[in-house]
Amino acid sequence: LPPTPATSRPKLPMFSLGQDEANFFREGFPGRDEWAMVRALGGSEGWIRYYEGVRGETPYPALENMIVEAQLGISVVMHVYLNSLEEDITTHLALFLIARGERFYFMASTNWFDDDWRWYPEYDADYGRPLGLATKRVRNNAELGTTSVEYSRNYTKCHVSLKCTNGTNDCSGSIAFNTGGAQ
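Fair warning: this is a prediction, and the values are worked out from it, not measured in the lab.

Here we look at helix H3 (residues 90-99)
Move 1: Buried residues dominate H3, accounting for 9 of its 10 residues.
Move 2: Considered for burial, the residues of H3 that qualify are Thr-91, His-92, Leu-93, Ala-94, Leu-95, Phe-96, Leu-97, Ile-98 and Ala-99.

Written out as structure tokens, the structure is:
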């Protein structure tokens, strides 16, 4: 077959390791230590980490791991499984933008067939460039015995926030565009 733009590009292996399996917080666990995997692969270039089924309302441990991967320059694909094609993707997209690094890719669908995908208006928005790394603020409410966590990140055209109650679950995301910054 003659080369086409799709077939003439270099191919990279994509590792789908499960968000609860290999990660940077399991150092020393054989087969689950992402630090060891990065060393064995010769660094962050030449492969892609694939997250399947990560959702914005329950982002752990994937969120913390993707932040480290962004800092190391590892390519990441985040595939959100939606409950329906009408589902609001804001919280999922906020999770992605909080962690986003170079060569990070976002996709959302209800499955893998053609009818399980759609184009969302959020894909056309211009979020700008990140102005720094994500920040994490932990608040403990001793009286109620609860912990809340808020991640935030500023971009040149918006502010992204992911607020989580109960420590690591029940998260809600928001994307607020700067005045005149949307699209």
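Section: the state of the cysteines
Move 1: Tallied over the full model, the rule gives 1 disulfide.
Move 2: Paired through a disulfide, Cys-164 and Cys-171 show a sulfur-sulfur distance of 2.1 Å. Taking the sign of the S-S torsion, 110° for the link of Cys-164 and Cys-171, the bridge is right-handed. Taken individually, Cys-164 and Cys-171 each receive the classification buried, so the pair is uniform in this respect.

Remarks on the side chain of Ser-152
Move 1: Inspection of the secondary structure puts Ser-152 in strand S6 (residues 146-154).
Move 2: With relative accessibility at 13%, the residue Ser-152 sits in the buried group.
Move 3: In contact with Ser-152, not counting residues within four places along its chain, are Ile-98, Leu-133, Ala-134, Thr-135, His-159, Val-160 and Ser-161.

Some points on the packing of aromatic side chains
Move 1: Following the criterion strictly, the structure yields 7 aromatic pairs and no others.
Move 2: Taking 6.2 Å as the distance between ring centres and 70° as the angle between the ring planes, the aromatic pair formed by Phe-106 and Tyr-123 counts as edge-to-face. With Phe-106 in strand S4 (residues 104-109) and Tyr-123 in the loop between S4 and strand S5 (135-141), this residue pair connects regions lying 17 residues apart in the sequence.
Move 3: Residue Tyr-123 is classed as partly exposed on the basis of its relative accessible area, which comes to 25%.
Move 4: Among the aromatic residues, those joined into a cluster by ring pairs are Phe-96, Phe-104, Phe-106, Trp-119, Tyr-120 and Tyr-123.

Focus on the environment of Leu-12
Move 1: In this structure, Leu-12 sits in the segment before strand S1 (14-16).
Move 2: Between the C-alpha atom of Leu-12 and that of Gly-46, which follows or precedes it by 34 residues, the distance is 5.8 Å.

Here's the deal with the pairing of strand S2 (residues 48-52)
Move 1: Where burial is concerned, most of S2 is hidden: 4 out of the 5 residues are buried.
Move 2: Relative to S2, S1 is paired through 3 bridges, and the arrangement is parallel. Paired with Ser-16 across the strands is Tyr-50, a residue of S2.
Move 3: Where S2 meets strand S3 (residues 75-81), 5 bridges bridge the pair, whose relative direction is parallel. Considered in S3, the bridge of Tyr-50 is made with Val-77.

Considering the packing of helix H2 (residues 62-72) against H3
Angle between the axes and distance between the axes are the two parameters that describe a pair of packed helices.
Move 1: Two elements in contact, H2 and H3, have axes whose closest approach is 8 Å; the angle formed by their N-to-C orientations is 35°. Contacts between H2 and H3 involve Leu-63, Met-66, Ile-67 and Ala-70 on the former and, on the latter, Leu-95, Ile-98 and Ala-99.
Move 2: The class makeup of the residues in the contact of H2 with H3 is 7 nonpolar, no polar and no charged.

Focus on the pattern of salt bridges
Move 1: Taken as a whole, this structure holds 7 salt bridges when the rule is applied.
Move 2: Two residues, Glu-57 and Arg-55, come together in a salt bridge whose shortest N-O distance is 2.8 Å.
Move 3: For Arg-55, a relative accessible area of 15% puts it in the buried group.
Move 4: Linked by salt bridges that have partners in common, Arg-55, Glu-57 and Glu-87 make up one network.

The rules behind each value
- Residues numbered from 1 in each chain as written.
- Predicted model: local features only at pLDDT ≥ 70, side-chain atom pairs only at ≥ 80, totals over all residues.
- Heavy atoms only, no water.
- Buried < 20%, exposed > 50% of the residue type's maximum accessible area, 1.4 Å probe, protein only.
- Helix = DSSP H or I, 4+ residues; strand = E, 2+ residues; numbered from the N terminus.
- Disulfide = S-S within 2.5 Å.
- Contact = heavy atoms within 4.5 Å.
- Phe/Tyr/Trp six-rings, centres within 6.5 Å; stacked < 30°, edge-to-face > 60°.
- Pairing = 2+ DSSP bridges.
- Axes fitted to C-alpha atoms, helices over the stretch in contact; angles between N-to-C directions.
- Nonpolar A, V, L, I, M, F, W, Y, C, P; charged D, E, K, R; others polar.
- Salt bridge = Lys/Arg side-chain N within 4 Å of Asp/Glu carboxyl O.

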